[in-house]
Amino acid sequence: MRNVVILGTGCAGNTAAIYAARANLKPLVFEGHEPGGQLSITTEVENFPGFPEGIQGPELVENMKKQAQRFGAEYRHGRVVEANLRQRPFTLKLEDGEVFETRTLIVATGASARWLNLPNEQKLIGYGVSSCATCDGFFFRDKQIMVIGGGDSAMEEANFLTRFGRQVMLVHRREAFRASKIMLERVKNNPKIELVLNTIVEDIYDVEKGHVTGVKLRNIVTNEVTERPVDGFFVAIGHIPNTLPFVGQLDLDPDGYILSHGGARTNIAGVFHAGDVQDRTYRQAITAAGAGCMAAIEAERFLEAEGD
Ligand code: NAP
């Protein structure tokens, strides 16, 4: 049986691992289906304190992992698909059926890309449809690219993709943006980006070619329908929290985010939350790291109070 199991290896999970390992709790960390979390598919991180010149997301998260391993954290591949938090020790079941027991649990499973749910969308992932510019931008050198969304992710992706694409269309369903001013300004000042506002995507075409060839757009103010040729279609419309194994056990809000019961505590004593799986307000690398630290400290105190 483990003292602490940490689910997730984004900023939150890795920071929790550093703190729990330094407290001599020998945490076991499951990497989940997206090792490194959202930072592993981002480009330059300019706002993480301590890096005046910025740092690449994957490097930052890899450094955190190495730091946790230096103090004895054990990392394992695998994703928890079932959890029994109704009795202690808690039990966790992996995809391959292996079961683990733990006295405390830190849920830092983050959030995964949200999709538009268009008829062809899932079928064309990897064939022109993507949620990760860093991963797939390279395939669209001199091609026509479209990015969907009006938040910082969409701005970041659109800017990044101008390195590759002939032109990038940024399609957003409103006129106002959720993105920060600085990110929006960069987009507006980028001559390779065309802003298409008040517009939704109604269909992605593949004309039986097996890859994206174009899209059908509707302007929701004028109702005008247009068709645009597109090779790369990048969806950047936010995320969905990864809480499926905990439904019916942890208190969740209507969108599936964990509800905090003060600090890093959940409704179940001994189960703590960290990062984007609970935070729908700040969602930054640094706030996730802070939350990971809080969760590990809470776990340590919880075990101590139990007489360890
Ligand atoms: P977000 O801020 O929630 O923005 C999502 C965008 O997608 C919104 O503009 C939203 O439109 C649009 N959208 C949602 N569902 C849609 C749908 N079904 N169809 C069309 N459009 C849809 O998400 P995010 O951009 O991923 O950012 C998440 C957090 O990470 C934010 O806190 C952000 O600041 C942070 N972040 C920071 C950086 C950075 O600083 N370098 C980079 C990336 C992300 P509406 O506005 O109309 O709702």
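Residues numbered from 1 in each chain as written. Predicted model: local features only at pLDDT ≥ 70, side-chain atom pairs only at ≥ 80, totals over all residues. Heavy atoms only, no water.

Asker: Any chance you could break down the site of the ligand for me, citing the residues and the numbers?
Answerer: Close contacts around the ligand come from 19 residues, with Asp152, Ser153, Arg173, Arg174 and Arg178 the closest. A distance of 2.5 Å separates an oxygen atom of the ligand from a polar atom in the side chain of Arg178. Gln284 places a side-chain nitrogen or oxygen 3.4 Å from an oxygen atom of the ligand. When residues of the shell around the ligand are assigned to their parent elements, the largest contribution, three residues, is made by helix H4 (residues 152-161). Grouping the constituent residues of the shell around the ligand by class yields four nonpolar, nine polar and six charged. Each of domain 1 (2-113 + 239-305) and domain 2 (122-235) gives at least three residues to the shell around the ligand. (Near = heavy atom within 4 Å. Polar contact = N/O pair within 3.5 Å; in protein donor to acceptor, adjacent residues only side chain to side chain. Helix = DSSP H or I, 4+ residues; strand = E, 2+ residues; numbered from the N terminus. Nonpolar A, V, L, I, M, F, W, Y, C, P; charged D, E, K, R; others polar. Domains from an automatic or database assignment.)

Asker: Give me the domain arrangement of the protein chain: which residues, what numbers.
Answerer: In terms of domain boundaries, the protein chain breaks down into domain 1 (2-113 + 239-305) and domain 2 (122-235). Of note, the centres of domain 1 and domain 2, computed from C-alpha atoms alone, are 31 Å apart. Carbon and sulfur atoms make up 50% of the surface buried where domain 1 meets domain 2, a total of about 550 Å² over both sides. Three residues stand out in domain 1 for area buried against domain 2, namely Ile41, Thr43 and Glu46, and they jointly supply 67% of the buried area on that side. The interface formed by domain 1 and domain 2 contains one salt bridge. (Buried area = accessible area lost by both parts, 1.4 Å probe. Salt bridge = Lys/Arg side-chain N within 4 Å of Asp/Glu carboxyl O.)

Asker: Give me unusual backbone geometry: which residues, what numbers.
Answerer: Glycine aside, the phi torsion of most residues is negative, and most peptide linkages are trans. In this structure, Pro89 follows Arg88 across a cis peptide bond, with omega equal to -5 degrees. By the secondary structure assignment, Pro89 is in the loop between strand S6 (80-84) and strand S7 (90-94). In the Ramachandran plot, Asn24 falls in the positive-phi region, its phi being about 70 degrees despite a non-glycine side chain. The topology assignment puts Asn24 in the loop between helix H1 (11-22) and strand S2 (28-30). For Asn24, a relative accessible area of 57% corresponds to the exposed category. Even without being a glycine, Lys26 presents a positive backbone phi close to 45 degrees. Relative to the helices and strands, Lys26 is located in the loop between H1 and S2. (Buried < 20%, exposed > 50% of the residue type's maximum accessible area, 1.4 Å probe, protein only.)

Asker: Account for the pattern of salt bridges, with residues named and values stated.
Answerer: Under the counting rule described, the total for this entry stands at 15 salt bridges. The salt bridge partner of Arg186 is Glu46, with a shortest N-O separation of 3.4 Å. Taken together, the residues Arg186 in helix H5 (residues 181-188) and Glu46 in the loop between strand S3 (44-45) and strand S4 (55-56) connect sequence positions 140 residues apart. Using a relative accessible area of 36% as the deciding quantity, one classes Arg186 as partly exposed. A salt bridge links Glu202 to Arg218; its shortest N-O distance comes to 2.7 Å. Taken as a pair, Glu202 in strand S14 (residues 199-205) and Arg218 in strand S15 (residues 214-219) lie far apart in primary sequence, 16 residues in all. Judged by relative accessible area, Glu202 falls into the partly exposed class, the value being 26%.

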